[in-house]
Amino acid sequence: MKLVLVILVALAILGCSPKEREGSDDSDIPPQQMALAIPTDAWLGEWRGVEGLHMSVDKDAVKGPGHYILVMRFGLDDKDSGIFNGLATGDTITFTRDGSEQVLRHTNGRAIGLKWLEEKTDCLIVKEGEGYCRD
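Every residue gets a number counted from 1 within its own chain, in the order that chain's sequence is written. In keeping with the model being predicted, local features are shown solely for residues with a pLDDT of at least 70 and side-chain atom pairs are shown and tallied solely at 80 or more, while totals for entire chains, interfaces and linings include all residues. Excluded from the side-chain calculations are hydrogens and water; all other atoms, namely the structure's heavy atoms, are used.

Asker: Which parts of the structure should I look at to understand the nonpolar core?
Answerer: Across soluble globular proteins, nonpolar side chains have a tendency to be buried as a group. Residues belong to one nonpolar core when they are buried, are Ala, Val, Leu, Ile, Met, Phe, Trp, Tyr or Cys, and are joined through side-chain atoms within 4.5 Å. Relative accessible area decides the class of each residue, using a 1.4 Å probe on protein chains only: under 20% of the type maximum gives buried, over 50% gives exposed, and in between gives partly exposed. Counting residues in each nonpolar core, the largest one holds 17 residues, and the members touching the most others are Met55, Val57, Leu70, Met72, Leu104 and Tyr132. Where this core is concerned, the elements lending two or more residues are β2 (54-59), β3 (67-73), β5 (92-97) and β7 (122-127). Working rule for contacts: check all heavy atoms of both residues, and any pair within 4.5 Å makes them a contact. Those residues in contact with Leu104 that lie beyond four places of it in its chain are Trp43, Met55, Leu70, Thr92, Ile93, Phe95, Leu124, Ile125 and Val126. Core analysis: the second largest hydrophobic core is formed by seven residues, Val50, Ile112, Leu117 and Ile125 among them. Under the DSSP-based scheme used, a helix requires at least four consecutive residues in state H or I and a strand at least two consecutive residues in state E, with every element numbered from the N terminus.

And the structure:
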C-alpha cells in the first residue's frame, strides 16, 4: 500500500512540470520573493548618466523571469543608443552591444570614474567611464 502511495505522489509531482509554469505571469509570487529570486529585478526603472546619457531596465515579459530589455543612450553620437536584450547572470545582467558581450553590474559612482557621479551610491556600470545612477 505504501508503494502505491509513493508512486501516486511521484506522479502528482511529475505532473506539475516546469514547462507548465513557463508561460505564467508570476502574479501569484509575492514581490519580496521575486526580488530575492532574481537580484537584478531591483534594477528595474530609470538610470541617469552624465551629459544626458541614460538607461532604462524593464522586464522582458515575452521571454520571462531573468530577461530584460535595456534601452540605452550610452554616448553623445546619434549612433550611440539602442535597445538590447539582457539576461540575468547571478548578480549581473549580460547583453550584446556592437557585437561584444557587455556586463552590467551594481556599484557606486566612484567606481564609474566620473566626477559628476562620485557621490552617488546606487549605480550600474558597464565599464569604467560608462555608468548610470539613481538618486
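Asker: Before we go on, may I ask you to explain the pairing of strand β8 (residues 130-134) in this structure?
Answerer: Looking along a regular strand, one sees the side chains alternate between the two faces of the sheet. Of all five residues making up β8, four are buried, and the element is well covered by its neighbours. Connecting β7 to the next strand, β8, in antiparallel fashion are two residues, including Gly129 with a positive phi near 90°. Between any two strands, at least two bridges found by DSSP are needed for them to pair.

Asker: Sorry if this is basic, but what is going on with the environment of Ile83 here?
Answerer: Looking at where Ile83 falls in the secondary structure, it is placed in strand β4 (residues 81-89). For the pair Ile83 and Met72, spaced 11 residues apart in the sequence, the C-alpha separation amounts to 6.3 Å. Apart from residues no more than four positions distant in its own chain, Ile83 is found in contact with Ile69, Leu70 and Val71.

Asker: Please explain the packing of aromatic side chains as it appears in this structure.
Answerer: The geometry of an aromatic ring pair is captured by two quantities: the separation of the ring centres and the angle between the planes. Aromatic rings from Phe, Tyr and Trp, with only the six-membered ring used for Trp, were paired whenever their centres fell within 6.5 Å, and each pair was classed as stacked if the ring planes differed by under 30 degrees, edge-to-face if by over 60, and tilted otherwise. Taken as a whole, this structure holds two aromatic pairs when the rule is applied. Taken together, a centroid distance of 6.2 Å and an interplanar angle of 55° make the contact between Phe74 and Phe84 tilted. Residue Phe74 is located in the loop between β3 and β4, and its partner Phe84 is located in strand β4; the two are separated by 10 residues in the primary sequence. With a relative accessible area of 12%, Phe84 lands in the buried category. Seen from their ring centres, Phe84 and Phe95 are 5.8 Å apart, and the 45° between their planes marks the pair as tilted. In this pair, Phe84 sits in strand β4 while Phe95 sits in strand β5, placing the two residues 11 residues apart along the sequence. By the burial criterion, Phe84 is buried, and Phe95 matches it. Through a chain of ring-to-ring contacts, three or more aromatic side chains come together here, namely Phe74, Phe84 and Phe95. A cation over a ring is seen here: Arg97 above Phe74, with NZ or CZ 4.0 Å from the ring centre. The rule for a charge over a ring is simple: NZ of Lys or CZ of Arg within 6 Å of the ring centre, and within 35 degrees of the ring normal.

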